[in-house]
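Overview (structure and organization)
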Amino acid sequence: MFRKKGLLVSIALGASLVLAACGNNEDAGTGANNDPNEGNNGANENNVGANDDNNNNNNDDDGNNEAAVEPEYFWDFVTEEYQGDVQYEYAAEFAKRLEEKSEGLIEMTVYEYGGLGDGVDQAEQLMMGSTEFGIVSPGFTGTMVPEAQVFALHFLFPDDVALTQEILNTSEALNVELRAKYEEWDMTPLAYWTEGAMQWTGSDPLRTPEDFDGFQIRVQDSPLIRNSYEAYDANVTPMDWGELYTSLDQGIVEGQENPIFFIYSAGFHEVQDHMTVSNHNNYVAMTVVNTQFYNSLPADIQAMIDETVEEMREVGFQIQEELNEANITAIEEDTENPTEVYYLNEEEREAFRELALPIRDFFRENNGDDAGKILDMLEAEIEAAQ
Ligand code: 6CS
């Protein structure tokens, strides 16, 4: 079994993981449903533990019945990762806060990876409105919103992850222009947030662009991620991450990129001898809501969602920071599965940066009508922030 080593999120909010297991989205509008007993929509029950302590338990400590608040909204929140990983912990905390704010009117079911299909399936369900909320990696929407592949560009965001998060929070290029592009597909990104800097792992050391020559690297199915590695002369294989451990183990692919927390939690370091701390990009995730669903909600409910999104900016940042810090140590100290960790110096990073820069022009010309506008705006925002 390829995962996982059971590292628990030690942050204070990690204890409040899971939620009421009674989602139902047959109602295509607000998700309002007067029959909570209809059951959930076929999700893996193991993935969605019922929260014994949720706010729909109307018994007080003496077993007396308090004034009952019946949930009116039953919403699903899908993620691309497992419990204990950044996306799931974010979604669980988001759901808990929203349920509390609504005093029981809202009931959310959080799904881990695989609960409703793979990353591409999940993005499609959000677009169709069969799922209300989701965390989406832009890499999985590359064919729908080509401009969103801006996140695939290497060495675009600052190395400082906190500064990157600030830019993600405030960028007009992303929060206005790119959001409008997603809304054409009925998906509204309410927030963009980092899951940490991206690093490489390989069966061989990856320290120079020459090391990538002919190297077989797994990428998410996004054309611009492919182009970015072709600039280093690598051979790219798009693949869902669920197949990646086995593919690395069997040598079907030789390496991959991901944030540190995920390299450890997915166990990739167990089947890779080398890891390069390259910080060549940031893993950006989006908190997405189906646009029609969101627009159809009453103003007070929308305001609760917006408030939760704002609160989660700092919380999400802490979750990723803590997990990334813990997991680099865990990788370095895993003597059963030794991985040589190499930190690129600035000169070594510069060699990659030079090859990566022309991909920005490729993006401008090939990634949708507004690619140039969005990248120009974003570059100016990044420069101003630095
Ligand atoms: O590499 C991937 O595809 C996965 N990586 C992360 C950090 N989250 C989910 C995603 O699907």
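All figures in this text were calculated on a predicted structure; none of them were measured in a lab.

The next thing to look at is unusual backbone geometry. Although it is not a glycine, Asp186 sits at a positive phi angle of roughly 65 degrees. Take Asp186: it is sitting in the loop between helix 4 (172–183) and strand 4 (187–202). Despite not being glycine, Asn279 shows a phi value in the positive range, around 45 degrees. Looking at the secondary structure, you find Asn279 in the loop between strand 8 (274–277) and strand 9 (282–290). Classification of Asn279 as partly exposed rests on a relative accessible area of 27%.

Chain-level statistics for the protein give a pLDDT mean of 86 and a share of 82% at 70 or above. Counting contacts from residues 1–28, a segment whose pLDDT is below 50, to residues more than four positions away or on other chains yields 88 contacts. A low-confidence stretch, residues 33–64 (pLDDT under 50), is modelled with 61 contacts involving residues beyond four sequence positions or located in other chains.

Take the environment of Glu381 next. Looking at the element boundaries, Glu381 is found in helix 12 (residues 371–385). Sequence-wise, Glu381 and Glu172 are 209 residues apart; in three dimensions their C-alpha atoms are separated by 8.4 Å. When neighbours within four sequence positions are excluded, Glu381 is seen to be in contact with Ser171, Glu172 and Ala173. At 3.2 Å, the side chain of Glu381 forms a polar contact with the backbone nitrogen of Ala173.

In this structure the tally under the stated criterion is 26 aromatic pairs. Relative to Trp75, the ring of Tyr73 lies with its centre 5.4 Å away and its plane at 50 degrees, an arrangement referred to as tilted. Judged by relative accessible area, which is 0%, Trp75 ranks as buried. Aromatic side chains Phe133 and Phe293 sit 5.8 Å apart centroid to centroid with 75 degrees between the ring planes, which places their arrangement in the edge-to-face category. Taken together, the residues span a long stretch of sequence, with Phe133 in strand 3 (residues 133–136) and Phe293 in helix 8 (residues 291–295) at a distance of 160 residues. Given a relative accessible area of 0%, Phe133 falls into the buried group. Since its relative accessible area comes to 3%, Phe293 is described here as buried. One aromatic cluster in this structure is built from Tyr73, Trp75, Phe77, Tyr90, Phe94, Phe133, Trp193 and Phe293. Cation over ring: Arg207 sits above Tyr342, and NZ or CZ is 3.9 Å from the ring centre.

So, about the packing of helix 10 (residues 346–356) against helix 11 (residues 358–366). Two quantities define a packed helix pair, namely the angle between the axes and the distance from one axis to the other. Between helix 10 and helix 11, whose axes approach to 5 Å, the crossing angle comes to 30 degrees. It follows from the interaxial angle that helix 10 and helix 11 lie roughly parallel. Counted together, Glu354, Leu355 and Ala356 of helix 10 and Pro358, Ile359 and Arg360 of helix 11 form the full contact between these two elements. Class assignment of the residues belonging to the contact of helix 10 with helix 11 gives a composition of 4 nonpolar, no polar and 2 charged.

Calculation criteria
- Residues numbered from 1 in each chain as written.
- Predicted model: local features only at pLDDT ≥ 70, side-chain atom pairs only at ≥ 80, totals over all residues.
- Heavy atoms only, no water.
- Helix = DSSP H or I, 4+ residues; strand = E, 2+ residues; numbered from the N terminus.
- Buried < 20%, exposed > 50% of the residue type's maximum accessible area, 1.4 Å probe, protein only.
- pLDDT = per-residue confidence, 0-100.
- Contact = heavy atoms within 4.5 Å.
- Polar contact = N/O pair within 3.5 Å; in protein donor to acceptor, adjacent residues only side chain to side chain.
- Phe/Tyr/Trp six-rings, centres within 6.5 Å; stacked < 30°, edge-to-face > 60°.
- Lys NZ or Arg CZ within 6 Å of the ring centre and 35° of its normal.
- Axes fitted to C-alpha atoms, helices over the stretch in contact; angles between N-to-C directions.
- Parallel < 35°, antiparallel > 145°, perpendicular 65-115°, else oblique.
- Nonpolar A, V, L, I, M, F, W, Y, C, P; charged D, E, K, R; others polar.

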